[in-house]
Amino acid sequence: MSLIKKVIKYTKAVGIEVCFNPDSSITYIAVSIKTVKNRIRIHQISNEENSLESLQTLLPKFVPICIVISGMGVMIKELESSNAFNSFSLDNIIPYANPDDYYMQVSKGKNGKAWVAVMRREQLENVLRVCHESAIYPVELFIGPFTLECSLHLFRLADSYINTKVYLVSVINQALAKIEKSETTNRGIPYEDFTIEEYSLLPLSAAYQFLIINQGQTNCSERSIQRNSNDSTAMHVLKLSRHFIIGLFFCILLLSFLIFYKYNNLITSINQETFQSKSLLTQRKKLEDELFKKKQLVSTSGISKSSNVSFFSDFIASSKPDHIRLDVLEVFPVELGGYNKPIDIKNNIILLKGVSGNNTSINNWINKLMESDFINAVKIIEIKQKNNHLEFALQIEI
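Scope of this entry: the structure provided in the associated data block.

Reading guide: rules and limits
- Residues numbered from 1 in each chain as written.
- Predicted model: local features only at pLDDT ≥ 70, side-chain atom pairs only at ≥ 80, totals over all residues.
- Heavy atoms only, no water.
- Helix = DSSP H or I, 4+ residues; strand = E, 2+ residues; numbered from the N terminus.
- Buried < 20%, exposed > 50% of the residue type's maximum accessible area, 1.4 Å probe, protein only.
- Contact = heavy atoms within 4.5 Å.
- Areas by Shrake-Rupley, 256 points an atom, 1.4 Å probe, with all protein chains shown as cover.
- Pairing = 2+ DSSP bridges.
- Axes fitted to C-alpha atoms, helices over the stretch in contact; angles between N-to-C directions.
- Core = buried A, V, L, I, M, F, W, Y, C linked by side-chain atoms within 4.5 Å.
- Arc of directions from axis to C-beta.
- Salt bridge = Lys/Arg side-chain N within 4 Å of Asp/Glu carboxyl O.
- Phe/Tyr/Trp six-rings, centres within 6.5 Å; stacked < 30°, edge-to-face > 60°.
- Patch = residues over 30% accessible without salt bridge, like charges linked within 9 Å, V, L, I, M, F, W, Y side chains within 5 Å.
- Lys, Arg positive; Asp, Glu negative; His and termini not counted.
- Charge placed at Lys NZ, Arg CZ, Asp CG, Glu CD.

1. Thoughts on the overall build of the protein chain
A tally of helices and strands in the protein chain yields eight helices and 19 strands. Considering the protein chain as a whole, with its 398 residues, one finds that 37% of them fall into the buried category. When contacts within the protein chain are restricted to residue pairs at least 6 apart in sequence, long-range pairs at least 24 apart make up 60% of them. With an accessible surface of roughly 24200 Å², the protein chain has 54% of that area assigned to carbon and sulfur atoms.

And the structure:
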């Protein structure tokens with residue numbers, strides 16, 4: 001089977017038996033089958049209905065329907081061999097009959113036999129008309145019980161008989177051996193966990209042959225059946241196309257969602273990294289500004305340029321009289337400017353603080369300091385009496 005046929009292959013079918021009873025009434029029996037993982041699921045829709053209109057309400061929607069006609073008006077002829085059909089004439093069943101007034105189907109059995117079923121075309125057209133009026137459009141047409149042979153293996157019937165509504169069919173080695181009129185009662189045939197009535201075997205076999213054997217293609221020569229089959233195939237393809245489009249749309253939607261989700265995560269990650277980078281850049285700028293201010297402060301203070309700071313300190317400390325206690329020697333004192341104000345470093349000032357027993361010692365020390373070449377001036381900032389000694393503060397200008 002080609003790839004296209006595999007794609008559009010049917011998985012469901014309904015078989016309807018139109019049985020013409022001896023009392024001129026018509027009985028309709030319907031069976032639905034479905035393939036699930038290469039297994040057949042059987043559902044008996046109706047045992048016996050007297051009208052197609054009542055049956056139509058029970059049928060599943062958008063499922064191909066196969067009609068099998070049996071009973072009064074369907075004549076069966078057994079041929080000696082399948083090759084005998086080439087020389088078969090309608091006169092062998094109905095002498096002097098007009099072939100245009102009759103519809104024939106031939107079935108070649110597994111045992112080399114051949115069967116021919118014949119019915120009046122007027123009767124067939126009436127069946128198709130009633131189907132059309134009941135909104136039932138068959139895609140395959142069978143007459144007689146010959147479709148049974150294709151489904152015998154489902155029930156493993158060997159050397160037995162099948163009693164349909166109007167036929168008693170002998171089965172030998174899973175092949176039709178003899179077809180007679182039915183005279184016995186109906187019985188149930190087990191199939192897996194399901195029991196199907198013998199009366200339902202004909203519509204089941206019709207649906208099975210169309211679904212599995214014919215693979216959705218009709219073998220009927222009637223134009224209305226061929227048209228229904230083409231329409232059904234078109235509807236089936238349209239339905240599959242719709243499912244495909246919906247599935248494709250869902251896949252595209254899912255793919256778009258995944259792309260959007262990934263893109264959104266990527267954008268979120270980039271935004272977080274950008275925020276962190278901006279934060280790091282801000283902190284870096286702050287550190288750079290702080291470092292620049294400190295460098296500028298050190299540069300303007302003259303600390304780094306003055307190589308005689310330690311010399312000044314040693315000289316001042318060594319020149320101190322013994323009667324003076326030096327508590328503070330602050331080289332280049334720093335004045336804090338307050339919030340958002342620059343720091344002021346006095347890069348030519350040395351502050352001295354200490355304690356002396358008398359003013360004479362302080363004055364002598366000031367005079368000694370003024371004799372130095374690197375000291376420009378000595379200024380007394382504070383002298384105060386505290387208990388029995390003097391606390392003083394001096395400012396030396398270098």
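Don't stop here, the text continues.
2. Comments concerning the side chain of S70
Positionally, S70 belongs in strand 4 (residues 65-71). Non-local contacts of S70, meaning those with residues more than four positions away in its chain, are made with E17, V18, C19, F20, V166, Y167 and L202.

3. Comments concerning the sheet that holds strand 2 (residues 26-36)
The mixed open sheet is built from five strands, whose spatial order is 3-2-1-4-8. A single partner strand is all that each edge strand has here, and the edge strands are strand 3 (39-49) and strand 8 (138-143). Going from strand to strand, the sheet's axes swing by 20 degrees on average, the running direction of each strand aside. Taken together, the five bridges between strand 4 and strand 8 define a ladder with parallel strand orientation. Directly across from I67, in strand 8, lies its bridge partner L141. Along the sheet face, helix 5 (residues 201-213) touches strand 1 (12-20), strand 2, strand 3, strand 4 and strand 8 and points at about 140 degrees away from the line of strand 1.

4. Focus: the pairing of strand 19 (residues 389-397)
In this sheet, strand 19 lies alongside strand 17 (residues 349-356) in antiparallel orientation, the contact comprising eight bridges. In the sheet register, I350 faces strand 19, and the bridge partner there is I396. What sits between the antiparallel neighbours strand 18 (residues 377-386) and strand 19 is a turn of two residues, in which N387 has the positive phi angle 60 degrees.

5. Notes on the nonpolar core
Counting residues in each nonpolar core, the largest one holds 61 residues, and the members touching the most others are I16, I33, L59 and I69. The element that contributes the greatest number of residues to this core is helix 5, accounting for eight residues. Those residues in contact with I69 that sit more than four places away from it in its chain are V18, F20, V74, M119, L124, V127, L141, F142, I143 and G144. Within the second largest apolar cluster, 15 residues are counted, among which are F312, I350, W365 and L394.

6. Thoughts on helix 7 (residues 309-318)
Among all positions of helix 7, only F312, S313 and I316 are buried. One side of helix 7 carries all its buried residues, which in axial view fall inside an arc of 95 degrees. Opposite the packed face of helix 7, turned more than 90 degrees from it, sit the exposed residues D314 and S318. Those residues of helix 7 that are buried lie in contact with strand 14 (324-331), strand 17, helix 8 (359-370) and strand 19.

7. Focus: the pattern of salt bridges
Summed over all chains, the structure comprises seven salt bridges. Between R325 and D327 there is a salt bridge, with the nearest N and O atoms lying 3.0 Å from each other. Classification of D327 as partly exposed rests on a relative accessible area of 45%. In this structure, K384 engages E391 in a salt bridge whose closest nitrogen and oxygen atoms are separated by 4.0 Å. With relative accessibility at 41%, the residue K384 sits in the partly exposed group. A single salt-bridge network, built from bridges that share partners, covers E382, K384, K386 and E391.

8. Things to note about the packing of aromatic side chains
Summed over all chains, the structure comprises three aromatic pairs. Ring geometry for W365 against F392: centres 6.3 Å apart, planes inclined by 85 degrees, an arrangement best described as edge-to-face. One end of the pair, W365, is in helix 8; the other, F392, is in strand 19, and 27 residues separate them in sequence. The same class applies to W365 as to F392, namely buried.

9. Topic: unusual backbone geometry
The phi angle at F62 is positive, at roughly 55 degrees, despite the residue not being glycine. Considering the arrangement of structural elements, one finds F62 in the loop between helix 2 (52-56) and strand 4. The backbone of A135 sits at a positive phi, close to 60 degrees, despite the residue not being glycine. By the secondary structure assignment, A135 is in the loop between helix 3 (121-133) and strand 8.

10. A short note on the sheet that holds strand 5 (residues 75-79)
In space, the three strands of this open sheet follow the order 5-7-6, with antiparallel pairing throughout. Looking at strand neighbours, the two that pair on one side only are strand 5 and strand 6 (102-108), the edges of this open sheet. The sheet shows a mean angle of 20 degrees between the axes of neighbouring strands, taken without regard to direction. Across five bridges, strand 5 lies against strand 7 (residues 114-120) in antiparallel orientation.

11. Here's the deal with a negative patch on the surface
Negative charge collects at one region of the surface, where D100, D101, E122 and E125 lie side by side. Within the secondary structure layout, E125 lies in helix 3. With relative accessibility at 45%, the residue E125 sits in the partly exposed group.

12. Regarding a nonpolar patch on the surface
A cluster of nonpolar side chains, namely F250, L254, F257, L258 and Y261, defines an oily patch on the protein surface of about 550 Å² accessible area. Note on placement: F257 falls in helix 6 (residues 223-301).

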